[in-house]
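Each chain, letter by letter, is given below.
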Amino acid sequence: MRNISEVSELLCLDPKTFAFEDAAIFRSTAWKMLDPSDDRRALDTIIFDALDLTQGEQDGVSEAVVNLVGSRLRKARSLKRK
């Protein structure tokens, strides 16, 4: 559990960064990490742009997320078998 000092150090995006027409993306229910929807890709692009990430950095983040999700799924499947 995080204490107050740790939370105060977290980086957060300013909601004003997002255009109003982007609001519908946040209501999407298609959030599969390994097979992202068009809405998910659009949201990723908005966030990457707000963070001013290079294409290489964006690719690195996406690859890391896919690897983490894949690892968690494999672990979950292995625990179900026991």
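Residues numbered from 1 in each chain as written. Predicted model: local features only at pLDDT ≥ 70, side-chain atom pairs only at ≥ 80, totals over all residues. Heavy atoms only, no water.

### Here we look at the overall build of the protein
Along the backbone of the protein there are four helices and zero strands. Moving toward the C terminus, one meets the helices and strands of the protein in the order α-α-α-α. Across the 82 residues that make up the protein, the buried fraction comes to 13%. Long-range contacts, defined here as pairs at least 24 residues apart, represent 40% of the contacts in the protein between residues at least 6 apart. With the model as given, the accessible surface of the protein reaches about 7,100 Å², and the carbon-plus-sulfur share is 56%. (Helix = DSSP H or I, 4+ residues; strand = E, 2+ residues; numbered from the N terminus. Buried < 20%, exposed > 50% of the residue type's maximum accessible area, 1.4 Å probe, protein only. Contact = heavy atoms within 4.5 Å. Areas by Shrake-Rupley, 256 points an atom, 1.4 Å probe, with all protein chains shown as cover.)

### Concerning helix 3 (residues 38–50)
In this model, helix 3 (13 residues) spans 18 Å end to end at C-alpha, consistent with the 18 Å of a helix rising 1.5 Å per residue. Of the residues making up helix 3, those classed as buried are Arg-40, Leu-43, Ile-46 and Phe-48. Once helix 3 finishes, Asp-52 follows within two positions and takes phi at roughly 60 degrees, a positive value. (Expected span 1.5 Å × (residues − 1).)

### Observations regarding the confidence of the model for the protein
Per-residue confidence for the protein gives a mean pLDDT of 77, with 66% of residues at or over 70. Ranking the helices and strands of the protein by mean pLDDT puts helix 4 (residues 55–81) first, with 88, and helix 2 (residues 23–26) last, with 65. (pLDDT = per-residue confidence, 0-100.)

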